[in-house]
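Reading the structure
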Amino acid sequence: MAPAAEEGADEARRGRLSSGARDLLSGMMSGFVVKIAEYPFDTVKVLQQTMGARYTGAVDCLLTTYRGGGVAALYRGLTSPLLGSMAECSTLFVSYGWMKQVLSVDEASATLANPVPMWKYFVSGAGSGACVAFVLTPVELVKCRLQVQAGEASAASSASASASAAAIRRYSGPVDCISHILREEGVRGLWRGNAACLAREIPGNVAWFGALLKGIQVAKGYDRKSDVPLGWSALAGSAAGVSYWGVPFPADTVKSKLQTDLRFAGKPVVEVFRTIVREEGVSGLYRGAGITCMRAAPAHALLFVAYEAADRWLQRL
């Protein structure tokens, strides 16, 4: 083969993966890594939100769950959110990339002297948050119900309650949980809590995408976004993760209640919000926020690093 033809073949091979395909695959890889690392903390967060009166705090919840079922109890219901995390991150990054294309965001040529307007990052983050909420809602519905089931079983076991864990066990796994929901609530039941999920994801992703990394770029004087070292990107991801969860956390509490408490079936988000405040006070809206923000800092830093590493690896294929 002639050199020119060989170079053309090499370029075709290197260009086989489009930016959209890289976003998809990098998102799936980073979603897998992060979910394995953070899931036990997510279990504690959900149990505090839905069964908080049984625990004196996050540590007590963690120890009670561990004593009742070991490490397996902390990873109960992992299959659905693991697949969901891969779908979530791929959807998030693909939709964010698509939104930037629609808004003609050219990060490759943007500099400090000629920056991308911040409103474009905000709109892109909001749009990606709206897209990912529709993927996340059914995944988190199944996850939350399995986590609460495991928490109830662990609490009964630790307290030597007369009711055995087997009596509490309603779902045998994610597929059985989905089957129950479809039989009892129909297809729409899988999206119970979607409005609350939107209320969390839209402002959360506005905070998460672009803003903090852009701040580091400006503060440290890096001319292009691509010049920002991976370590600073991880720091930006860590801070953005805390903002992502800390700001809209009450919406996440409302979502968890809607998805696990039959009292709130079909109730509007505002009514659930008011009920929580009336019964548990404002602090009830933030139950589990501490451990969530603690896990968000390393988890989102890991997500940034894993995504960037996967993207760079895929570019070399």
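The following paragraphs examine the structure supplied in this document. Since the structure is predicted, the reported quantities are computational estimates derived from the model, not experimental observations.

Brief notes about empty space enclosed by the protein
Evaluation of the coordinates by the stated rule reveals two cavities of 30 Å³ or more. Considered as a void within the structure, the largest cavity measures approximately 330 Å³ in volume. Taken together, 25 residues line the largest cavity, and the ones lying closest to its centre are Lys35, Glu38, Glu88, Tyr244 and Trp245. Counting residues per element, the ones that place at least two in the lining of the largest cavity are helix H2 (19–51), helix H4 (79–102), helix H5 (118–158), helix H8 (194–208), helix H10 (230–246) and helix H13 (289–315). The leading source of residues in the lining of the largest cavity is H4, at six residues. In terms of residue class, the lining of the largest cavity is made up of 11 nonpolar, four polar and 10 charged.

Remarks on helix H12 (residues 269–280)
In an α-helix, one full turn covers 3.6 residues, which means residues spaced three or four apart are oriented alike. If you check H12, its first and last C-alpha atoms are 16 Å apart, about what 12 residues at 1.5 Å a residue would give, namely 16 Å. All buried positions along H12 are accounted for by Val272, Thr275 and Ile276. Angular distribution of buried residues about the axis of H12 spans 100°; they occupy a single face of the element. Among the exposed residues of H12, those pointing more than 90 degrees away from its buried face are Arg274 and Arg278. In this fold, the buried residues of H12 make contact with helix H11 (249–260). Phi turns positive one or two residues past the end of H12, at glycine 281, with a value near 80°.

What about the pattern of salt bridges?
Summed over the entire model, instances satisfying the criterion amount to 19 salt bridges. For glutamate 38, the salt bridge identified is with lysine 35, shortest N-O distance 3.0 Å. Here the residue glutamate 38 and the residue lysine 35 both occupy positions in helix H2, the gap between them amounting to three residues, near one helical turn. Residue glutamate 38 is classed as buried on the basis of its relative accessible area of 10%. The closest approach of N and O atoms between aspartate 42 and arginine 295, which form a salt bridge, is 3.1 Å. With a gap of 253 residues between them, aspartate 42 in helix H2 and arginine 295 in helix H13 connect regions that are remote in the sequence.

The rules behind each value
Residues numbered from 1 in each chain as written. Predicted model: local features only at pLDDT ≥ 70, side-chain atom pairs only at ≥ 80, totals over all residues. Heavy atoms only, no water. 1 Å grid on protein atoms, 1.4 Å probe; cavity = no way out; pocket = protein on both sides within 12 Å on 5 of 7 lines; lining within 4 Å. Points joined across faces, edges and corners; volume = space filled by probe spheres on them. Helix = DSSP H or I, 4+ residues; strand = E, 2+ residues; numbered from the N terminus. Nonpolar A, V, L, I, M, F, W, Y, C, P; charged D, E, K, R; others polar. Expected span 1.5 Å × (residues − 1). Buried < 20%, exposed > 50% of the residue type's maximum accessible area, 1.4 Å probe, protein only. Arc of directions from axis to C-beta. Contact = heavy atoms within 4.5 Å. Salt bridge = Lys/Arg side-chain N within 4 Å of Asp/Glu carboxyl O.

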